[in-house]
Amino acid sequence: VPPGHPRFFNQLFSGLDHHALAGRFLTETLNTSPYTYEVAPVLVLMEEEVLAKLRELVGWSSGDGIFAPGGSMSNMLAMNVARFRRFPESRSRGNWDLPRLGLFASQESHYSIQKAAAFLGIGTDNVHLVRTDERGKMIPEELEKEIQRVKAEGSEPLFVCATSGTTVLGAFDPLGAIADICARHGLWLHVDAAWGGSALLSPQLRHLLAGIHRADSVTWNPHKLLMVGLQCSAFLLRDNSGLLQRCHGVGASYLFQRDKFYDVSLDTGDKSPQCGRRADGLKLWILWKAVGSQGLGWRVERAFAATRYLLEQVKKREGFQLVMEPEFLNLCFWFIPPSLRGQESSPEFWDKLGKVAPAIKEKMIRRGSMMVGYQPHGSRVNFFRQIVTNPAVTRQDLDFFLDEIQELGWDL
């Protein structure tokens, strides 16, 4: 079952939008890079307009940004820019004469935070994972304690990553309280809204990201919930002083000549660690022009409504047990086959239940009927995580989804 199929529920992206697909055909046909205005003039202007509109939705009237090859890279850019702002000498001298830095993210944060710390030479031992509550949200009081502990150990706290839409549970960290702590300690606040950022387009759901305007930087992946197509990840920056350029720019004279006849600030390639870049802004620009902000908001709300329908069906069906009530689009549940029902008090119950989801998934893949993800989580054994993003998904597809799990797991 490929990602474009309405019964693909395996990742945080699915479906196919024909407007965005037209944009992808165009970028492949043009085969150019928006690193300089002269080789991609309209694409550069489109990218700047789209980034400005995304910043406006975050709540910023100015700023900067760049499209990056995925949310992991956008998160790494945030970490690199934060280090450069505090320690501009790190660009030339490296990490060797910097203090030991402290980075903070929740236990539910994306694994790219650890990868970025390793890649940038900060070190994974210096990523401090802050405790979360029962719903997967960072606990601000625990963040404060971690910062104080790291300071007492002689490290220099630098960077906090809050998450708006965690990968497994779909949790939204309390941004206002976290921003207060960052302001008090002078720390860079980055919000990883790769998954949840698109809720800003919905008047009904944007409250989930209350306080995001106080962030220093934001990651937002339109290729997820907005179905723009892989890849389309925006790194957004509140700073408008040219921080991205100063952090990454080298000024190669064969690309970024200063004596060009046009405004050379339109040569945006030096803002990025990449040289050649895909024109990822075009497909989002075309989609946005086609359906409008209201249409994109409806897409988010339709996915939310589909999740609520499925939630009610899960509650009605015997053998389905919620991990927790979903806040967003991540519907997490166990399927308990008849052979295990009524045995919850048995010492072997949870061990046996943990084997159910992998067995059902193997059957569905061999049958080719649909696809859905599963995972363990802390002390919880394997459970299914169902995600609806594709507007082509119908209630019949959702009913089939539950019927299929029942059928495949009935005799386990």
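Treat the numbers as computed from the prediction; the structure is a model and nothing was measured. Along each chain, numbering runs from 1 in the same order as the chain's sequence is written. Only residues with pLDDT of 70 or above have their local features reported here, since the model is predicted, and side-chain atom pairs are shown and tallied only from 80 upward, although totals for entire chains, interfaces and linings are computed over all residues. Side-chain metrics rest on all non-hydrogen atoms present in the structure, leaving aside hydrogens and water.

Caption draft 1: Representation of the nonpolar core. Ranked by internal contacts, the top residues of the largest apolar core, which has 53 residues, are Leu143, Leu189, Ile212, Val218 and Leu236. If you list the elements that add at least two residues to this core, you get α2 (41-58), α6 (140-152), β5 (156-163), α7 (175-185), β6 (188-192), β7 (217-220), β8 (233-237) and α9 (281-316). In terms of residue count, the dominant contributor to this core is α9 (seven residues). Here this core spans two domains, and each of domain 1 (33-278) and domain 2 (293-409) adds at least three residues to it. Only heavy atoms matter for contacts: two residues are in contact if any of them lie within 4.5 Å across the pair. If sequence neighbours within four positions are ignored, leucine 236 has contacts with Leu51, Leu54, Arg55, Val58, Trp60, Asp64, Gly65, Asp216, Ser217, Val218 and Trp220. Residues belong to a common nonpolar core when they are buried Ala, Val, Leu, Ile, Met, Phe, Trp, Tyr or Cys residues joined through side-chain atoms within 4.5 Å. Each residue is assigned to one of three classes by its accessible area relative to the maximum for its type, calculated with a 1.4 Å probe on protein chains only: buried under 20%, partly exposed between the two thresholds, exposed over 50%. Secondary structure is summarised from DSSP: a helix means a run of H or I of at least four residues, a strand means a run of E of at least two, and numbering begins at the N terminus for each. An automatic or database domain assignment provides the domain bounds reported here.

Caption draft 2: Spotlight on the packing of helix α3 (residues 71-86) against helix α5 (residues 112-119). Helix axes are fitted to C-alpha atoms over the stretch in contact, other axes to C-alpha atoms as well, and angles between N-to-C directions run from 0 to 180 degrees. In contact at an axis separation of 9 Å, α3 and α5 are set at 55° when each is read in the N-to-C sense. Overall, the two elements α3 and α5 adopt an arrangement that is oblique. Here α3 runs over α5; the crossing is right-handed. Facing α3, whose interface residues are Ser72, Asn75, Met76 and Met79, α5 presents Ser112, Ile113, Lys115, Ala116, Ala117 and Phe119. Amino acids are sorted into nonpolar (Ala, Val, Leu, Ile, Met, Phe, Trp, Tyr, Cys and Pro), charged (Asp, Glu, Lys and Arg) and polar (every other residue, Gly among them). Classifying every residue of the contact of α3 with α5 by side-chain character gives six nonpolar, three polar and one charged. In these notes the angle categories are as follows: under 35 degrees is roughly parallel, over 145 is roughly antiparallel, 65 to 115 is roughly perpendicular, and the rest is oblique. By convention the crossing between two helices is left-handed if the near helix lies anticlockwise of the far one by an angle smaller than a right angle, and right-handed if it lies clockwise.

Caption draft 3: The sheet that holds β8, seen in detail. Pairing in this open sheet of seven strands is mixed, and the strands run β2-β8-β7-β6-β5-β3-β4 from one edge to the other. Of all the strands in the sheet, just β2 (64-68) and β4 (127-130) have a single pairing partner and so form its edges. Going across the sheet, the axis of each strand differs from the next one's by a mean of 20°, ignoring polarity. At least two bridges found by DSSP between two strands is the condition for calling them paired. Where strand β3 (residues 101-106) lies against β5, five bridges are found, and the strand directions are parallel. Each bridged residue has a counterpart across the sheet, and for glycine 102 the counterpart in β5 is proline 157. Seen against the sheet, α2 touches β2, β7 and β8 and runs at an angle of roughly 115° to β2.

Caption draft 4: Representation of the UniProt feature "modified residue: N6-(pyridoxal phosphate)lysine" (unreviewed entry) in the protein. UniProt positions are given in the numbering used here, feature names are shortened, and annotations may be inferred rather than shown by experiment. Mapped onto the present numbering, the UniProt feature "modified residue: N6-(pyridoxal phosphate)lysine" (unreviewed entry) falls on Lys224. With respect to the helices and strands, lysine 224 occurs in the loop between β7 and β8.

Caption draft 5: Seen up close, the packing of aromatic side chains. Only centres within 6.5 Å qualify two rings of Phe, Tyr or Trp (six-membered ring in Trp) as a pair; their planes then separate them into stacked at under 30 degrees, edge-to-face at over 60, and tilted for everything else. In the structure shown here, the tally under the stated rule is 13 aromatic pairs. Where tryptophan 195 meets phenylalanine 328, the ring centres are 5.6 Å apart and the plane angle is 70°; that geometry is what we call edge-to-face. Pair noted here: tryptophan 195 is in the loop between β6 and β7 and phenylalanine 328 is in the loop between β9 (320-322) and β10 (331-335), with a separation of 133 residues, a long-range link. Classification of tryptophan 195 by relative accessible area gives buried; the value is 2%. Since its relative accessible area comes to 0%, phenylalanine 328 is described here as buried. The structure contains a cluster of three or more aromatic residues connected by ring pairs, namely Phe9, Phe320, Phe333, Phe335, Phe384 and Phe401. Here arginine 7 stacks its cationic end above the ring of phenylalanine 400, 3.8 Å away from the centre of that ring. Charge-over-ring contacts are defined here by two conditions on Lys NZ or Arg CZ: a distance within 6 Å of the ring centre and an angle within 35 degrees of the ring normal.

Caption draft 6: Up close: the domain arrangement of the protein. Domain assignment breaks the protein into domain 1 (33-278) and domain 2 (293-409). Its C-alpha centre places domain 1 at a distance of 32 Å from the equivalent point of domain 2. Taken together, the contact between domain 1 and domain 2 spans 25 residues of the former and 25 residues of the latter. Buried area is a sum: the accessible area each of two parts loses on coming together, probed at 1.4 Å, counted once for each and added. Of the roughly 2,200 Å² buried at the junction of domain 1 and domain 2 (both faces included), carbon and sulfur atoms supply 65%. Looking only at domain 1, the three residues that lose the most surface to domain 2 are Val168, Leu169 and Leu225, adding up to 26% of its buried area. Just to be clear on terms, a salt bridge is a Lys or Arg side-chain nitrogen sitting within 4 Å of an Asp or Glu carboxyl oxygen. Seen at the junction of domain 1 and domain 2, the total is one salt bridge.

Caption draft 7: Up close: the sheet that holds strand β12 (residues 380-386). Taken in spatial order, the five strands make up an open sheet running β1-β11-β12-β10-β9, and their pairing is mixed. Pairing within the sheet leaves two strands with one partner each, and these edge strands are β1 (8-9) and β9. Here β10 pairs with β12 via three bridges, running antiparallel. Looking across to β12, one finds that phenylalanine 333 is bridged to phenylalanine 384. Sheet strands in contact with helix α11 (residues 356-367) are β10, β11 (371-377) and β12, and its direction is about 160° off that of β11. The strands touched by helix α12 (residues 395-409) are β1, β9, β10, β11 and β12; relative to β10, the strand with the most contacts, the crossing angle is about 30°.

Caption draft 8: Molecular detail of the pairing of β5. Of all eight residues in β5, seven are buried; the element is thus mostly enclosed. Summarising the sheet, β5 and β6 pair through five bridges and their orientation is parallel. Paired with threonine 163 across the strands is aspartate 192, a residue of β6. Crossover connection from β5 via α7 to parallel β6: handedness right-handed. Convention used here: a crossover is right-handed provided that the path from the first strand, over the helix, to the second strand proceeds clockwise when the strands point away from the viewer.

Caption draft 9: Summary view of the packing of α2 against α9. One way to put it is that α2 packs onto α9 with a least axis distance of 9 Å and a crossing angle of 60°. What the angle tells us is that α2 and α9 run oblique. Remark: the crossing between α2 and α9 carries left-handed chirality. For the pair formed by α2 and α9, the contact residues are Leu43, Met46, Val50, Lys53, Leu54 and Leu57 on the first element and Gly281, Leu282, Leu284, Trp285, Trp288 and Ser293 on the second. Broken down by class, the residue content of the contact of α2 with α9 amounts to nine nonpolar, two polar and one charged.

Caption draft 10: Quick peek at the pattern of salt bridges. This model, assessed by the stated rule, comprises 29 salt bridges. With a shortest N-O distance of 3.3 Å, glutamate 56 and lysine 53 are connected by a salt bridge. Here glutamate 56 pairs with lysine 53, and both are found in helix α2, just three residues apart, close to one helical turn. One network of salt bridges, with partners in common, ties together Glu28, Arg278, Asp280 and Lys283.

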